[in-house]
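Read off the chains here:
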2 protein chains.
Amino acid sequence: MWAREQCERGRTMEELKNTIWDLPTPAVTVDLDIAERNVKKMAQEAVQHGLAHRPHIKTHRSGYFAQMQIKAGCTGITAAKLGEAEVMADDGINDIFIAYPIIGEDKLERLVKLHRRVKVSTIVNSVEGARGLSRAFDAAGRTIQVLIEIDGGLNRGGVKPEAAFKFAEAIRDLPGIAIVGLMYYGGLIYNSHNIDEVEEYTRRERDCLVQTASQLRDHGFCMDVLSAGSSYSGKRPEFLEGITEIRSGHYIFNDCGQLDIHLAEPEDCALTVITTVVSKPDTHVVICDVGTKSLTSDACHYRKGYGYVIGHPDMEIYALNEEHAFLRCEEENPLQIGDKIQIIPNHACVVTNLAEKVYGMRNGVFERVITVDAKGKSV
Amino acid sequence: MWAREQCERGRTMEELKNTIWDLPTPAVTVDLDIAERNVKKMAQEAVQHGLAHRPHIKTHRSGYFAQMQIKAGCTGITAAKLGEAEVMADDGINDIFIAYPIIGEDKLERLVKLHRRVKVSTIVNSVEGARGLSRAFDAAGRTIQVLIEIDGGLNRGGVKPEAAFKFAEAIRDLPGIAIVGLMYYGGLIYNSHNIDEVEEYTRRERDCLVQTASQLRDHGFCMDVLSAGSSYSGKRPEFLEGITEIRSGHYIFNDCGQLDIHLAEPEDCALTVITTVVSKPDTHVVICDVGTKSLTSDACHYRKGYGYVIGHPDMEIYALNEEHAFLRCEEENPLQIGDKIQIIPNHACVVTNLAEKVYGMRNGVFERVITVDAKGKSV
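Going by what an unreviewed UniProt entry lists, chain A is known as D-serine dehydratase-like domain-containing protein and is assigned to Hungatella hathewayi WAL-18680. A UniProt comment under Sequence similarities (unreviewed entry) is attached to chain A, and it reads "Belongs to the DSD1 family."

This is the structure:
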């Protein structure tokens, strides 16, 4: 009945193998109700705390989900790479922040071209980088808004807070770029063991940005945008007073990285991988048809293994090969060859980037194929 | 001059940014001369040792390289997944071994369909799996050749050698399948610390297959195919007497996994990743525009870090984020923002699967874009 109705709506029978247990495995699925709930919740919390939300799209790399975020009230999006930003512009997103230094003539040319189409801003963290932007944009008769990247402790290229004023002075008069604020990536927060530590890192992030901005404002710099927010600190907006914008992206799907630290529960995890038991070498171990070519070898800080098996909390995914997952139970393993299971991966962002397609589901039933438009767009 | 000639041959200017240092980064490149040399060398060595070579295409997932291997004399190819095999058949490869248990009605249907198009064989490692194949092929009035997968010590689903006869007996009379030999994956060999250990694992692999086959032959089983060969043992064919076929795939590109154990030298590594320095947070550290979204977090057993920087053997890629590589020198780092470097990755197989495209180069000059046809085909 359902199938016939769907056929009449133009769906193919292939699409109508339609519950999560009917999908060809390994299958990457997103529960759209959970994703929408996560998106709305953070959008509301951001508004309540006077924060703009500009989610990082590296988690989904997809126009479909970016539009979902914009409709929920997000200001715009954040992209890691120019290639992602170009795809997002093609998908109708018209306010894009590229949180990455744009280096090299080929990329500067593409950035200028993109800037003619949509509102696009980026970061600077070196005089060389700022000069490149300046040359390219000045030659095009345009000005790009830039945030100064402040080092969040990772030593990943951000300007050290104590050097920010000197750096800003050095690039102050460059034509073609306009400093409008600061950007911070607090990657060390992912070393947190518990919520207290998350909150402590979040406070540090705020203090660093607010104090550095204050010093720069005193010297007449425009500091309209203070952009913060790892995927952990974005969940603690009450500690971000004085910040204007968060960039959390992870929250749309959540994963074991968030379960690890109780910033999400399994029912908040929208992205799961469905896999089939293909072998049972002994009574305790089963082998499933998913491996690093779908999940990668990304580990969690505190959780053992390579994912959380829904409905089997005691089952450990103790190893992965490229196309094999090894699952072990202390007791006799209840799974048999042909059974399917649903896994919350350690790291959702890398999973979408590997999937040939993502299945959008609602109440466990197939709704749509979602294309990962910006898959592989790391250039 | 070169550019104009190429344009006249229909190449676009974009393709003509044409040395490895002109490619937009991060760029995955393959030196086609090295790849061809690797392919020919192993094909010749296999012939010399009376071995068929059926390379695993998981390393390149590409019709272009599969055809290169067939032209060099390979018998056929090995695929991990049905989806890869389907793409290889589309690419004109007509002898395909799927080294993976095919479980589930949807996959069995696809396998039967593929079997109507090309010569395709697969493995069995469980009675349930064998019964599934039997039902599907018998119903189609066809017979598929199967190898019994023998456990190579990984406990990944292969039948234990001592249980092989009993297993073969249990599936002997199933219609629609024909046992033609044994298959072994000796993944433990990758724990080798040196060539001596590689050779020891290779001997064990041979002894296990030869002895198990001998027992089964005594009971009248056809044991025409004894298929062995990890990417390490395939490089020691002199220890594989009695084996009929190797499946090494890795050898076409090589990578740090092979450098680690001196089964390859840097000049044998065909696949490299070109990346640009985008930040220099201090005098010792530079940040490049490549991360786990291109290289994955796969580590080597013995080598520290995430790849080998050609021309800078002392530089350590000590960390990766999704789009950032962190490189450190003991001395002052000679690299500056905008410089490009060439990296041999830890694990080539996962890199092609992530690349949007692979650039085929010759003498450092662009020749062709190679499509990773079977990218993401893990289903």
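(A) Region of interest: the interface of chain A and chain B. The interface of chain A with chain B comprises 57 residues on the first partner and 57 residues on the second. The largest contributions to the chain A side of the interface with chain B come from Tyr100(A), Arg156(A) and Lys293(A), which together make up 14% of the buried area. Our count for the contact surface shared by chain A and chain B stands at 10 salt bridges. Residues Glu323(A) and Lys81(B) are paired through a salt bridge, measuring 3.1 Å at the closest nitrogen-oxygen approach. Linking chain A with chain B are 32 residue pairs in polar contact (both at pLDDT 80 or more), by the criterion used here. Of all the secondary-structure elements, those providing two or more residues to the side of chain A that touches chain B are helix 5 (105–117), strand 10 (271–279), strand 11 (285–288), helix 10 (292–295) and helix 11 (348–352) of chain A. Sort the elements by how many residues they give to the side of chain A that touches chain B and strand 10 of chain A lands first, with four residues. Class assignment for the residues of the side of chain A that touches chain B results in 21 nonpolar, 17 polar and 19 charged.

(B) Structural context of the packing of aromatic side chains. Residues and elements named next belong to chain A. Tallying each qualifying case throughout the model produces 10 aromatic pairs over all chains. Site record: aromatic cluster; members linked through ring pairs are Tyr64, Phe65 and Phe253. Residue placement shows Arg204 over the ring face of Tyr201; its charged tip is 4.8 Å from the ring centre.

(C) Spatial organisation of the environment of Asn333(A). Residues and elements named next belong to chain A. On the secondary structure map, Asn333 appears in the loop between strand 14 (325–328) and strand 15 (340–344). Counting along the chain gives 16 residues from Asn333 to Cys349, while the straight-line C-alpha distance between them is 30 Å. Setting aside residues up to four positions removed in sequence, Asn333 forms contacts with Lys280, Thr283, His284, Val285, Val286, Met315, Leu327 and Arg328. A polar atom in the side chain of Asn333 sits 3.1 Å from the backbone nitrogen of Leu335.

(D) Layout of the packing of helix 7 (residues 164–171) of chain B against helix 8 (residues 195–218) of chain B. Residues and elements named next belong to chain B. Following both chains from N to C, one finds helix 7 and helix 8 inclined at 45 degrees, their axes separated by 10 Å at the closest point. One finds that helix 7 runs oblique with respect to helix 8. Between helix 7 and helix 8 the crossing geometry is right-handed. On the side of helix 7, the interface is formed by Ala164, Phe165 and Ala168, while helix 8 contributes Thr212, Gln215 and Leu216. Of the residues in the contact of helix 7 with helix 8, the class split is four nonpolar, two polar and no charged.

(E) Main features of the relation of the copies chain A and chain B. Mapping chain A onto chain B calls for a rotation angle of 180 degrees and an axial translation of 0.0 Å; the resulting RMSD is 0.0 Å. Here the copies are linked by what is in effect a two-fold axis. Most of the interface of chain A is mirrored in chain B, where 100% of its interface residues are also at the interface.

(F) The arrangement of the sheet that holds strand 9 (residues 245–246) of chain B in detail. All names here are of chain B. A sheet is described by the order of its strands in space; here eight strands give the open sequence 2-9-8-7-6-5-4-3, paired in parallel fashion. The sheet is open, and its two borders are formed by strand 2 (52–53) and strand 3 (77–79), each paired with just one other strand. Strand direction decides the pairing type here: strand 3 and strand 4 (residues 95–98), joined by three bridges, are parallel. Counted as the bridge partner of Thr78 is Phe97 from strand 4. Seen against the sheet, helix 6 (residues 127–139) touches strand 5 (119–124), strand 6 (144–150) and strand 7 (177–184) and runs at an angle of roughly 150 degrees to strand 5.

(G) Local environment of the pairing of strand 13 (residues 316–320) of chain B. Residue and element names in this part refer to chain B. The pairing of strand 13 with strand 14 (residues 325–328) spans four bridges and is classified as antiparallel. Counted as the bridge partner of Ala319 is Phe326 from strand 14. Taking the residues between adjacent antiparallel strands as the criterion, strand 13 and strand 14 are bridged by four residues.

(H) Quick look at unusual backbone geometry. Residue and element names in this part refer to chain A. Along the chain, Thr25 connects to Pro26 via a cis peptide bond; the corresponding omega equals -5 degrees. Positive phi is not limited to glycine here, since Arg61 has a value of about 50 degrees. By secondary structure assignment, the location of Arg61 is in the loop between strand 2 (52–53) and helix 3 (63–71). Exposure remark for Arg61: the relative accessible area of 0% places this residue in the buried category.

(I) The arrangement of the domain arrangement of chain A in detail. All names here are of chain A. Split into domains, chain A comes out as domain 1 (1–29 + 264–370) and domain 2 (33–254). Averaged C-alpha coordinates put domain 1 and domain 2 at centres separated by 33 Å. Listed as interface residues are 19 residues of domain 1 and, on the opposing side, 22 residues of domain 2. Overall, the association of domain 1 and domain 2 removes approximately 1600 Å² of surface from exposure, summing both partners, and the carbon and sulfur fraction of that is 52%. Interface area lost by domain 1 to domain 2 is led by Tyr302, Cys349 and Arg362, which between them contribute 29%. Here domain 1 is connected to domain 2 by three salt bridges. The partner of Glu36 in a salt bridge is Arg362, with the nearest N and O atoms 3.0 Å apart. In this structure, the connection of domain 1 to domain 2 is made through nine residue pairs in polar contact (both at pLDDT 80 or more). Every element with two or more residues in the side of domain 1 that touches domain 2 is listed here: helix 11, strand 16 (358–362) and strand 17 (365–370). The residue makeup of the side of domain 1 that touches domain 2, split by class, is nine nonpolar, five polar and five charged.

(J) Expanded view of the pattern of salt bridges. Counted under the stated rule, the structure contains 52 salt bridges over all chains. Note that Arg54(A) and Glu245(A) form a salt bridge whose closest N and O atoms lie 3.1 Å from each other. One end of the pair, Arg54(A), is in the loop between strand 2 and helix 3; the other, Glu245(A), is in strand 9 (residues 245–246), and 191 residues separate them in sequence. Across the pair, Glu245(A) and Arg54(A) agree in class, each one buried. Where Glu323(B) meets Arg61(A), a salt bridge forms, and the shortest distance between an N and an O atom there is 2.7 Å. Note that Glu323(B) is positioned in the loop between strand 13 and strand 14 and Arg61(A) in the loop between strand 2 and helix 3, a pairing that runs across two chains. Given the relative accessible area of 5%, Glu323(B) is considered buried.

Basis of the calculations
Residues numbered from 1 in each chain as written. Chains lettered and ligands numbered in written order. Predicted model: local features only at pLDDT ≥ 70, side-chain atom pairs only at ≥ 80, totals over all residues. Heavy atoms only, no water. UniProt positions renumbered as here; feature names shortened; annotations may be inferred. Contact = heavy atoms within 4.5 Å. Buried area = accessible area lost by both parts, 1.4 Å probe. Salt bridge = Lys/Arg side-chain N within 4 Å of Asp/Glu carboxyl O. Polar contact = N/O pair within 3.5 Å; in protein donor to acceptor, adjacent residues only side chain to side chain. Helix = DSSP H or I, 4+ residues; strand = E, 2+ residues; numbered from the N terminus. Nonpolar A, V, L, I, M, F, W, Y, C, P; charged D, E, K, R; others polar. Phe/Tyr/Trp six-rings, centres within 6.5 Å; stacked < 30°, edge-to-face > 60°. Lys NZ or Arg CZ within 6 Å of the ring centre and 35° of its normal. Axes fitted to C-alpha atoms, helices over the stretch in contact; angles between N-to-C directions. Parallel < 35°, antiparallel > 145°, perpendicular 65-115°, else oblique. Left-handed = near helix turned anticlockwise from the far one by under 90°. Least-squares fit on C-alpha atoms with pLDDT ≥ 70 in both. Pairing = 2+ DSSP bridges. Buried < 20%, exposed > 50% of the residue type's maximum accessible area, 1.4 Å probe, protein only. Domains from an automatic or database assignment.

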